[in-house]
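The chain contents come next:
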Amino acid sequence: MPVAKLTVELSIPHAQSLKDRRQVVRSLKDKLRHGFNVSVAELDDASLWNRATLGIVAISSSAAYLTGQMREVDDALHRLANTLSAEILDSFVDLLDD
């Protein structure tokens, strides 16, 4: 069964505290979970207030569906990041197919 993992590295230049960082990360996580029915987790520790790494995972019986879904999630992430004054530094997809 195919599993797709999207890893996203974010820069949050306006974050002056851990609270500012959490607000942006929580908003992104909630909107992605509800909009795309994917699992979202923060992958790094909170040692840097202006950086974050998110992992987004989806599972399906179709690899083609997952590829399209991850593309849509990545596009949505770029739009959401702009509205939250964050910047996506890097994003990449891994497709694990058994």
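Relevant structure appears above.
Since this is a predicted model, take the numbers as computed values, not measurements.

Novice: How do you make sense of helix H2 (residues 63-83) when you look at a structure like this?
Specialist: Count 3.6 residues to each turn of an α-helix, and residues three or four apart come out pointing the same way. Across its 21 residues, H2 extends 30 Å between first and last C-alpha, which sits within 8% of the 30 Å expected from 1.5 Å per residue. By the burial criterion, the buried members of H2 are Leu66, Gln69, Met70, Val73, Asp74, Ala76, Leu77, Leu80 and Ala81. Of the surrounding elements, those touching the buried residues of H2 are strand E1 (3-11), helix H1 (18-36), strand E3 (51-59) and strand E4 (87-96). For H2, the capping residue at the N-terminal end is serine 62, with a side-chain oxygen 3.4 Å from the backbone nitrogen of alanine 64.

Novice: Just to check I follow, could you spell out the sheet that holds E3 for this structure?
Specialist: The strands making up a sheet are joined through hydrogen bonds of the backbone, oriented either antiparallel or parallel. Read across the open sheet, the four strands follow the order E2-E3-E1-E4; overall the sheet is antiparallel. The open sheet terminates on both sides in strands that have one partner only, identified here as strand E2 (39-42) and E4. If you compare each strand with its neighbour and ignore which way they point, the axes differ by 20° on average. Bridging between E1 and E3 involves nine bridges; their strand directions are antiparallel. Residue pairing for E3: valine 3 is matched across the bridge by isoleucine 59. Across the sheet, H1 is in contact with E1, E2 and E3; its angle to E3 comes to roughly 15°. Across the sheet, H2 lies against E1, E3 and E4, angled at about 170° from E4, the strand it touches most.

Novice: How should I be thinking about the nonpolar core in this particular structure?
Specialist: In this structure, Leu32, Ile56 and Leu77 are the most contacted members of the largest nonpolar core, which totals 24 residues. Elements with a contribution of two residues or more to this core: E1, H1, E3 and H2. With six residues, H2 is the largest single contributor of residues to this core. Among all residues touching leucine 77, those that are not within four sequence positions of it are Leu6, Val8, Leu28, Leu32, Ile56 and Ile88.

About the thresholds
- Residues numbered from 1 in each chain as written.
- Predicted model: local features only at pLDDT ≥ 70, side-chain atom pairs only at ≥ 80, totals over all residues.
- Heavy atoms only, no water.
- Helix = DSSP H or I, 4+ residues; strand = E, 2+ residues; numbered from the N terminus.
- Expected span 1.5 Å × (residues − 1).
- Buried < 20%, exposed > 50% of the residue type's maximum accessible area, 1.4 Å probe, protein only.
- Contact = heavy atoms within 4.5 Å.
- Polar contact = N/O pair within 3.5 Å; in protein donor to acceptor, adjacent residues only side chain to side chain.
- Pairing = 2+ DSSP bridges.
- Axes fitted to C-alpha atoms, helices over the stretch in contact; angles between N-to-C directions.
- Core = buried A, V, L, I, M, F, W, Y, C linked by side-chain atoms within 4.5 Å.

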